[in-house]
Amino acid sequence: MIISRQLTRLSLAGVFLGLSLAANARSQPEQATAEIRRTSFGVPHIRAENERGLGYGIGYAYAQDNLCLLANEIVTVNGERSRYFGPDQFTVEERGNLASDVFFNWLNTPQAVAAFWQAQTPEVRELIEGYVAGYNRSLTERGAQGLPQQCQGEWVRAITAQDLVKLTRRLLVEGGVGQFAEALAGATPPKTVAHLAGEPASFQLAASRMQRFALDRGSNAVAVGSERSFNGRGMLLANPHFPWVGGMRFYQMHLTIPGKLDVMGAALPGLPMINIGFNQHLAWTHTVDSSKHFTLYRLQLDPKDPTRYLLDGKSLPMKKQTLAVNVKQADGQTRQISHVVYSSQFGPIVQWPGKLDWDNQFAYSLRDANLENDRVLQQWYAMNRAASLKDLQASVHKIQGIPWVNTLAVDDQGQTLYMNLSVVPNVNADKLAKCSDPRAGLQMILLDGSNSACVWDIDPNAAQKGIYAADKLPQLLRRDFVQHSNDSAWMANPAQPLTGFSPLISQDNQPLGLRSRFALERLGTLSKAGPVAAADLQHMVMDDQVYQAAQVMPDLLQFCAADLGADAPTLTPLCASLKAWDRRVNLDSGLGFVHFQNVMVPLQQVPGIWRVKFDPKDPQNTPRGLAIERPDVAKAIRAAMLASVEQVKTLGLKADSRWGDIQVVSSGGQQTPIHGGPGTLGVYNAIQSVPRTDGKREVVSGTSYLQVVTFDDKGPQAQGLLAFSLSSDPASKYSRDQTLAFSKKQLSVLPFTEQQITSDPQYQAQTIREQDEKAGKIAAQ
């Protein structure tokens, strides 16, 4: 259900005026000051005496490295892309500008933004206001020198605290209604001509983007405890797989307020705090969870009017919200168009042709639990300051602000923690059985919108109405290990399966993803060999093993060794490349991997290909083996192999082509070869790349911020890197330095202590003061 405060325009203006005056009153006595010290790869270590100063330093440093990226995202979340770039262009995520603008004008109304801001703690407000001031100072300085080429235009402007709220709200709905932007913008009553986002192509892109969500924003995590670690303390591998471009691109930094905060890690754009990182006593990471964060409601419509729906037999009108979008015309002039978004009491109407059709009988409404989550920033700031694993867990139980990810953590005492404690609709198995259509399955929860008994349950112990309380969600505290790679909570540790939860929270007895199976197998092997070392965790990623190859390559080679008939001349070179392949995705891995990928990706969609079917009693080892003895499976393998030969020929690849010649990332006219491959094939170092016209593949997402943290008597000892480098500005010296290191599999020490920071060979320091900035402005007048 979408909750918004019904404020008049006059009262809303008063709210913003009051907030502005309060902010000025707070900042007047003491102007913000921050020290920004950069070490190798430009990583900023930002130190200040208070939250405003810290935010000031973060915003300033971020703008130095990613000014154009944030400026572009600000245009997006304000619903102004059509105004500046035209309605027919696309966002970084390949969403049409007009559909994007309608969606964000709906999401980020003044009322919703004001309500979110009012819910923030003074510390969070100070961080945000400082960030805004720091970013704007950097923008002014860069503007005087000349802005980077990619963001020279009237759309680049000073930002406000409200802009950062809008960015945060965009982040919140990434796991829910954010995946339905086209469906929301294109929803129109029957017999109404759809003018926005109605083309089938836009929905094909949306469907592809939805399928890629868990891949583009997946992750691996391993937390090793005292029973397994080399020194009896906690160890953490954080390997989030996030986009390499756009508004979900991580930024690496170290934040310090003496006596209050000392944390290092990575954050998403516009966030003045660490999302994944470590401090003196603990380290944590996140993985995208499999829990549901929204439900759909099928509305029974009033036969007399498709804009009215029946609830408990009573006809209710849909709410109409008229949105205005400014659109740039071909002649450069701007005109305003309006669009009506319809909503039921459950949420906005969404229309997806062929899937969620709005006709004279039914319409579909979407309720996103994270629309009411105004606690997310408080949550991460509390985690940043946690002094123990107990503190971290307690903060998540109390605040419940984590939107759509699991949390895995370790401490210096050797404890490991897994928490599937995100914002999940409170719909238990009984209600699901009574209220859902079984034909819809469990991938997308569809409830009966004509029956008020099907609304989400309310738990008084939950931090928000309609979600599960923290003590009802999966969590596990152990001293051996916990791990996760985007499956359910079920097998975080097979010695203690997590079962019996609502299907919206976690589903057990389901096949594990191949990355999870690889992790469990590797951890089992390591435990037999002795204590786990930091290098072992690094190798899990950097070995670039293709786990599925071990499951199916004997069968593929057996297929190749059989009589190939008339196809033998065509398939023999392919079979030879498969036999010579090292079963990894290193830069020097041969053409065999390309053929393996081309064969297995379509084959995974063929029913009944496995010789040994999935067994819930043996989830770590099943399914496995290709049933090549079955004619239909053999036929599918042959067809996939023949198609791969043609594809390789079309792309111009040669017998001696190597993976590093094919998969690259481009920056500033230069290309860097990237190892790793699809997580769907069991590659732990999951890298998503898309075909280019020249036969190469361009990396778009995957391993992003990588950290391996251990502890000793002196505190955390961390190594890691940011795979796509710190800066998105191709002209920056920090735009591909870490990418080259990633290409060479070279993790670096993450400087955390004062001695590590000041002794870094690339150390440089800068102090910025808000009073100096203001004095400079006065002098210039």
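In this text, all values refer to a predicted model and were calculated from it rather than measured experimentally.

Q: I tried to follow the side chain of Lys166 on my own but got confused; where do I start?
A: Take Lys166: it is sitting in helix H7 (residues 161–172). Here Lys166 is buried and forms no salt bridge, its nearest opposite-charge partner Asp163 lying at an N-O distance of 4.7 Å. Lys166 has contacts with Val77, Asn78, Asn108 and Val113, leaving out every residue within four places of it along the chain.

Q: Honestly, the sheet that holds strand E17 (residues 416–419) in this entry has me stumped. Any pointers?
A: Within a sheet, adjacent strands bond to each other through the backbone by hydrogen bonds, running parallel or antiparallel. Read from one edge to the other, the open sheet built from 10 strands follows the order E19-E17-E16-E8-E7-E6-E5-E2-E1-E30, with strand pairing classed as mixed. Each end of this open sheet is capped by a strand with a single partner; those strands are strand E19 (475–478) and strand E30 (764–769). Along the sheet, successive strands turn relative to each other by an average axial angle of 15°, direction set aside. Pairing geometry for strand E6 (residues 261–267) and strand E7 (residues 276–279), over four bridges, is antiparallel. Its bridge partner being in E7, Ala266 is matched across the sheet by Ile276. Docked against the sheet, helix H12 (residues 389–399) engages strand E8 (282–288), strand E16 (405–411), E17 and E19, running at close to 10° with respect to E17.

Q: Looking at this structure, how should I read the state of the cysteines?
A: A covalent bond between the sulfur atoms of two cysteines is referred to as a disulfide. Evaluated as defined, the whole model comprises three disulfides. Put simply, Cys435 and Cys454 are joined by a disulfide, and their sulfur atoms are 2.1 Å apart. As the torsion about the S-S bond is roughly -85°, the Cys435-Cys454 disulfide counts as left-handed. Remark: Cys454 occurs in the loop between strand E18 (446–448) and E19 and Cys435 occurs in helix H13 (residues 429–435); sequence separation between them is 19 residues.

Q: How do you make sense of the packing of aromatic side chains when you look at a structure like this?
A: Each pair of aromatic rings is reported with the distance of its centres and the angle of its planes. Taken as a whole and assessed by the stated rule, the structure comprises 17 aromatic pairs. Measuring from centroid to centroid gives 5.3 Å for Tyr342 and Trp358, while their planes differ by 80°, and the two rings are edge-to-face. Here Tyr342, found in strand E13 (residues 334–344), pairs with Trp358, found in the loop between strand E14 (347–350) and strand E15 (362–368); they are 16 residues apart in sequence, far enough to count as distant. Classification of Tyr342 by relative accessible area gives buried; the value is 11%. Judged by relative accessible area, which is 4%, Trp358 ranks as buried. Cluster of aromatic residues (ring-pair linked, three or more members): Trp581, Phe593, Phe596 and Trp659. Here the basic side chain of Arg298 rests over the ring of Phe362, its NZ or CZ set 5.0 Å away from the ring centre. Between Arg367 and the ring centre of Trp456, over which it is positioned, the NZ or CZ distance is 3.7 Å.

Q: What should I look at first to understand the packing of helix H2 (residues 51–77) against H7 in this one?
A: Two numbers describe a pair of packed helices, the interaxial angle and the distance between the axes. Running from N to C, H2 and H7 cross one another at 80°; their axes reach a closest spacing of 9 Å. Taken as axis vectors, H2 and H7 run roughly perpendicular relative to one another. Contact residues: Leu70, Glu73, Ile74 and Val77 in H2; Asp163, Lys166, Leu167 and Arg170 in H7.

Q: What exactly am I supposed to notice about the packing of helix H18 (residues 591–603) against helix H19 (residues 631–651) here?
A: Contact geometry of H18 with H19 gives a least axis separation of 9 Å together with a crossing angle of 135°. Between H18 and H19, the interaxial angle falls into the category oblique. Here the hand of the crossing between H18 and H19 comes out right-handed. Together, Leu591, Val594, His595, Asn598, Val599, Pro602 and Leu603 of H18 and Ala636, Ile637, Ala640, Met641, Ser644, Val645, Gln647 and Val648 of H19 make up the contact between the two elements. The class makeup of the residues in the contact of H18 with H19 is 11 nonpolar, four polar and no charged.

Q: For this particular structure, what's the right way to read unusual backbone geometry?
A: Generally, phi is negative for residues other than glycine and the peptide bonds are trans, each holding for most cases. Of the consecutive residues Thr622 and Pro623, the connecting peptide bond is found in the cis state with omega at 0°. Counting through the fold element by element, Pro623 comes out in the loop between strand E21 (610–612) and strand E22 (624–626).

Q: Would you explain H7 in this entry?
A: An α-helical segment advances 3.6 residues per turn. Residues three or four places apart therefore align on the same side. The end-to-end C-alpha separation of H7 is 17 Å, in line with the 16 Å expected for 12 residues at 1.5 Å each. Summarising burial for H7: 11 of the 12 residues are buried, a large majority. Every buried residue of H7 is accounted for by Ala161, Asp163, Leu164, Val165, Lys166, Leu167, Thr168, Arg169, Arg170, Leu171 and Leu172. On its buried face, H7 is in contact with H2, helix H4 (97–107), helix H5 (110–118), helix H6 (122–145) and helix H11 (376–385).

Q: It is not clear to me how the pattern of salt bridges should be interpreted in this structure. Could you clarify?
A: Side chains bearing opposite charge may pair, as long as their charged atoms lie close to each other. With the rule as written, the count across this model stands at 31 salt bridges. Measuring nitrogen to oxygen at the nearest pair gives 3.6 Å for the salt bridge that ties Arg142 to Asp729. Here Arg142, found in helix H6, pairs with Asp729, found in the loop between strand E28 (715–722) and helix H21 (737–743); they are 587 residues apart in sequence, far enough to count as distant. By the burial criterion, Arg142 is buried, and Asp729 matches it. Between Asp437 and Arg298 there is a salt bridge, and its shortest N-O distance comes to 3.4 Å. One end of the pair, Asp437, is in the loop between H13 and E18; the other, Arg298, is in strand E9 (residues 294–302), with 139 residues separating them in the sequence. Where salt bridges share partners, they join Glu35, Arg37, Arg47 and Glu754 into one cluster.

Each value, and the rule that gives it
- Residues numbered from 1 in each chain as written.
- Predicted model: local features only at pLDDT ≥ 70, side-chain atom pairs only at ≥ 80, totals over all residues.
- Heavy atoms only, no water.
- Helix = DSSP H or I, 4+ residues; strand = E, 2+ residues; numbered from the N terminus.
- Buried < 20%, exposed > 50% of the residue type's maximum accessible area, 1.4 Å probe, protein only.
- Lys, Arg positive; Asp, Glu negative; His and termini not counted.
- Salt bridge = Lys/Arg side-chain N within 4 Å of Asp/Glu carboxyl O.
- Contact = heavy atoms within 4.5 Å.
- Pairing = 2+ DSSP bridges.
- Axes fitted to C-alpha atoms, helices over the stretch in contact; angles between N-to-C directions.
- Disulfide = S-S within 2.5 Å.
- Phe/Tyr/Trp six-rings, centres within 6.5 Å; stacked < 30°, edge-to-face > 60°.
- Lys NZ or Arg CZ within 6 Å of the ring centre and 35° of its normal.
- Parallel < 35°, antiparallel > 145°, perpendicular 65-115°, else oblique.
- Left-handed = near helix turned anticlockwise from the far one by under 90°.
- Nonpolar A, V, L, I, M, F, W, Y, C, P; charged D, E, K, R; others polar.
- Expected span 1.5 Å × (residues − 1).

Take it as geometry only, folks, not as evidence of what the structure does.
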